[in-house]
Amino acid sequence: MAQESLALREQNWADDTLAAHAGLPVSHSSAATKACKGKALWQASVYDFDSVVQSQSASYAYRRFNSPNGDELASAVAALEGAEAGLATSSGMGAIVSAILSVCKSGDILITHSDSYGGTREFFSIDLRAFGIHVIFEDVQNSTLLDSALTQALAPYEKTKTQVRAVVFLESVANPLIRVADVGAAAGVCEKHSALLIVDNTFATPLRSKPLKQGAHIVVHSVSKFLGGHAEVIAGVVVGSRQYVDEASKRAGRWGLTAAPFDAWLALQGVRTLQVRMERCWCTSAELAERLSNSQIPLQVNWAPKCSVLSFEVPGGFAGADKAVSTFQLIRLSPSLGGTTSTVSHSASSSHKLVPVEERQLLGITDGLLRLSVGLEDVEDIWNDLEQGLIAASKIEPST
Ligand SMILES: *Cc1c(COP(=O)(O)O)cnc(C)c1O
């Protein structure tokens, strides 16, 4: 578990300084490693000891439980989120599973929105339901709907005075429609009902929003996206109070969900350049959103400031989207986001294919919708590619 995040925050450094220095050494056994400042890779599955007594107080013994590199990554993200502690996991899903199952048990209630990340939705609707957790899909970004969903879900238990925990899981920016949550408002409603608020801050990054400061209890990240930033690592992070992180860490250790040292080490290189990458992507995405909105081909564009992902409805439905994607030269179809290159994904057939069709239509995740993750290329090159794809799509007959 990350020990140093508070110390980092107490220095009162700004995010860019914290990110550039990500990987302040945690307490390794050898003083020499302290000089490495997060550059050493501890690719070991096990550590050995001089005595039983020494082994009893060791920070690291067996890699499945924790590793110095995992702790450095967790500590860096905890500092950026203003969290007391952090845990690095093998993936974003590893973070979500460890966090949820350390606070939810059979009989408890979980309320979340239906357009959450596909893997999350599957975990909730298949696994949590199989474990006896009462999963409710509601638009939890809407405080009024969240309030009434909690009131309704908790009412039967209040009557019988049964102890039950309600957990609300919220993405601070939900994709593909780039719906931005009011985390503070959701936290207020959760407090009223004594519910726990877990926020997935992957799309926002800690540079855009710090949910713990707005009243969330636990924050999870897929480090595989912007934090890692180079599309070469799968990892995740859970941050929050020491108590929550300790509980999640015990489970991640037992279940084998902690981050691999090399993955954590690679991800930390990404965190160090987070600020410059994000500022560049935000700038480019603002320009592209504006040009798309004013384009001669009428388009519905979904975008928010300080967000490097945007989506738009291509004319011609599925056939139009397919035509645009196959016309793009620079922008590759790729079922992820947050790397150095611009990529596009077709949400209806990938991230949101498990959302029932009628629900997808209601949400606005149509067959013509493309999600663009803006990379670090020159804005004119991205725009030219986009324009060629859209022109090609506008010339085809709409699909039925
Ligand atoms: C990708 C993603 C996840 C899952 O992360 P993995 O690292 O792929 O396991 C969770 N939430 C969001 C919002 C994501 O984009």
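Everything below is about the structure shown above.
Conventions and cut-offs
Residues numbered from 1 in each chain as written. Predicted model: local features only at pLDDT ≥ 70, side-chain atom pairs only at ≥ 80, totals over all residues. Heavy atoms only, no water. Phe/Tyr/Trp six-rings, centres within 6.5 Å; stacked < 30°, edge-to-face > 60°. Helix = DSSP H or I, 4+ residues; strand = E, 2+ residues; numbered from the N terminus. Buried < 20%, exposed > 50% of the residue type's maximum accessible area, 1.4 Å probe, protein only. Lys NZ or Arg CZ within 6 Å of the ring centre and 35° of its normal. Polar contact = N/O pair within 3.5 Å; in protein donor to acceptor, adjacent residues only side chain to side chain. Contact = heavy atoms within 4.5 Å. Near = heavy atom within 4 Å. Areas by Shrake-Rupley, 256 points an atom, 1.4 Å probe, with all protein chains shown as cover. Nonpolar A, V, L, I, M, F, W, Y, C, P; charged D, E, K, R; others polar. Disulfide = S-S within 2.5 Å. Axes fitted to C-alpha atoms, helices over the stretch in contact; angles between N-to-C directions. Left-handed = near helix turned anticlockwise from the far one by under 90°. Pairing = 2+ DSSP bridges.

What follows concerns the packing of aromatic side chains. In this structure the tally under the stated criterion is seven aromatic pairs. Each ring, one from F124 and one from F169, has its centre 5.2 Å from the other, and the planes form 80 degrees; the classification is edge-to-face. In this pair, F124 is assigned in helix 7 (residues 118–130) and F169 in strand 4 (residues 166–171), connecting sequence segments 45 residues apart. Looking at F124, the relative accessible area reads 0%, which means it is buried. The exposure class of F169 is buried, given its relative accessible area of 0%. Above the face of the F65 ring, R64 is positioned so that its terminal group lies 4.8 Å from the ring centre.

Let us look at the side chain of Q141. Relative to the helices and strands, Q141 is located in the loop between strand 3 (134–137) and helix 8 (143–160). Side-chain polar atoms of Q141 contact the backbone oxygen of E171, separated by 3.4 Å. A distance of 3.0 Å separates the side chain of Q141 from the backbone oxygen of R179, its partner in a polar contact. Discounting residues that sit within four places of it in the chain, Q141 has contacts with L170, E171, S172, A174, R179, V180 and A181.

What follows concerns the site of the ligand. Taken together, 13 residues form the shell around the ligand, and within it G92, M93, D200, S224 and K225 come nearest. S222 places a side-chain nitrogen or oxygen 2.9 Å from an oxygen atom of the ligand. A distance of 2.5 Å is found between an oxygen atom of the ligand and a side-chain nitrogen or oxygen belonging to S224. Its free accessible area being 380 Å², the ligand has 93% of it covered by the protein chains. Looking at the shell around the ligand residue by residue, the class counts come to five nonpolar, five polar and three charged.

Right, let's get into the state of the cysteines. As enumerated under the stated definition, the model contains zero disulfides in all. Here C104 stays free of any disulfide, with the sulfur of C190 as its closest cysteine sulfur at 12 Å. Accessibility expressed as a relative area gives 6% for C104, which makes it buried. This cysteine, C307, is not joined by any disulfide, and C281 carries the nearest cysteine sulfur, 10 Å off. Take C307: its relative accessible area is 1%, and that puts it in the buried class.

Axis separation between helix 14 (residues 317–327) and helix 16 (residues 379–394) bottoms out at 8 Å; the angle between their running directions is 145 degrees. Two packed elements cross with a definite hand, and for helix 14 against helix 16 that hand is right-handed. Contacts from G320, K323, A324 and T327 in helix 14 reach Q388, G389, A392 and A393 in helix 16. Grouping the constituent residues of the contact of helix 14 with helix 16 by class yields three nonpolar, four polar and one charged.

A few words on the sheet that holds strand 10 (residues 301–302). Sheet architecture is open: five strands sit in the order 10-11-14-13-12, paired in mixed fashion. Sheet topology places strand 10 and strand 12 (332–333) at the edges, where each strand pairs with a single neighbour. Taken together, the two bridges between strand 10 and strand 11 (residues 309–313) define a ladder with antiparallel strand orientation. From the neighbouring strand, V301 faces strand 11, where its bridge partner is F312. With respect to the sheet, helix 13 (residues 274–293) is in contact with strand 10, strand 11 and strand 14 (369–373), its orientation differing from that of strand 11 by roughly 10 degrees.

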